[in-house]
Structure formats: C-alpha cells, structure tokens
Amino acid sequence: MDDEAPSPYIKLISAEGHEFVIDRKCASSSGTIKAMLGGSFSESSGEIRFQEISTPILEKVIQYFYYKIRYSNSSVRIPEFDIDPEIALELLMAANFLDC
C-alpha cells in the first residue's frame, strides 16, 4: 500500500489531448471526479481522461470549479458566470455527466 499523500493537483485531459493541471480541491467540486479520485478507479492516480469532453468545454467546466470554490459561502455580491450560448448545450451535458 502506498502511504504517500496524494498530490494537491490533478490532471484533466480533454478529448483532443489537452492537459489541464488543476487544484484537487477545485476538481472535487464535481461529484464524478471526486468519486474517481477516491475510489479504486485507475483515475485515482490523479490523471483523468475525458474522451467525450472537448477542450473548450473542459476549460469552461474548470473555470466553473474555481468560480464555485471562490464564491461558496461568500458574503460579497456573486458575479454572473458567463456562458456563450453556442456552447450552452454541450456544457450542460458535460456538467450533468460530471455532477457539478
């Protein structure tokens, strides 16, 4: 058994192979990613490949992870999270899959 603490960062890889290195805490905003990291999945190593999520969509999802962490329990006015109408449907499908 490996007693080494997990890295504070994980790598998310889009369908096109673009790699995003993000904070593990932010990625855990997603129920799906949290389950993958905590379970006995091969992804628990800290590298998750999403064959069905394109680079622009995964980038926007990651922006949302950071937005959600930043403004959770915030006492300041929360700004809108802008979404381009052109990507709204694809983004909704990704968010549904990722449970975020």
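Notes on the structure in this doc start here. (Residues numbered from 1 in each chain as written. Predicted model: local features only at pLDDT ≥ 70, side-chain atom pairs only at ≥ 80, totals over all residues. Heavy atoms only, no water.)

## Here we look at a nonpolar patch on the surface
On the surface, Leu-89, Leu-92 and Met-93 cluster together into a nonpolar patch covering about 350 Å² of accessible area. Summarising the element assignment, Leu-89 is placed in helix H4 (residues 88-98). (Patch = residues over 30% accessible without salt bridge, like charges linked within 9 Å, V, L, I, M, F, W, Y side chains within 5 Å. Areas by Shrake-Rupley, 256 points an atom, 1.4 Å probe, with all protein chains shown as cover. Salt bridge = Lys/Arg side-chain N within 4 Å of Asp/Glu carboxyl O. Helix = DSSP H or I, 4+ residues; strand = E, 2+ residues; numbered from the N terminus.)

## Thoughts on the sheet that holds strand S1 (residues 9-13)
Strand order in the open sheet made by the 3 strands is S2-S1-S3, with mixed pairing throughout. Where the open sheet ends on each side, the last strands, each with one partner, are strand S2 (19-23) and strand S3 (47-49). Ignoring strand direction, the axes of neighbouring strands in this sheet form an average angle of 25°. Bridge count for S1 against S2 is 5 bridges, and the pairing is antiparallel. Pairing of Ile-10 across the sheet is with Ile-22, part of S2. Across the sheet, helix H3 (residues 55-71) lies against S1 and S2, angled at about 10° from S2, the strand it touches most. (Pairing = 2+ DSSP bridges. Axes fitted to C-alpha atoms, helices over the stretch in contact; angles between N-to-C directions. Contact = heavy atoms within 4.5 Å.)

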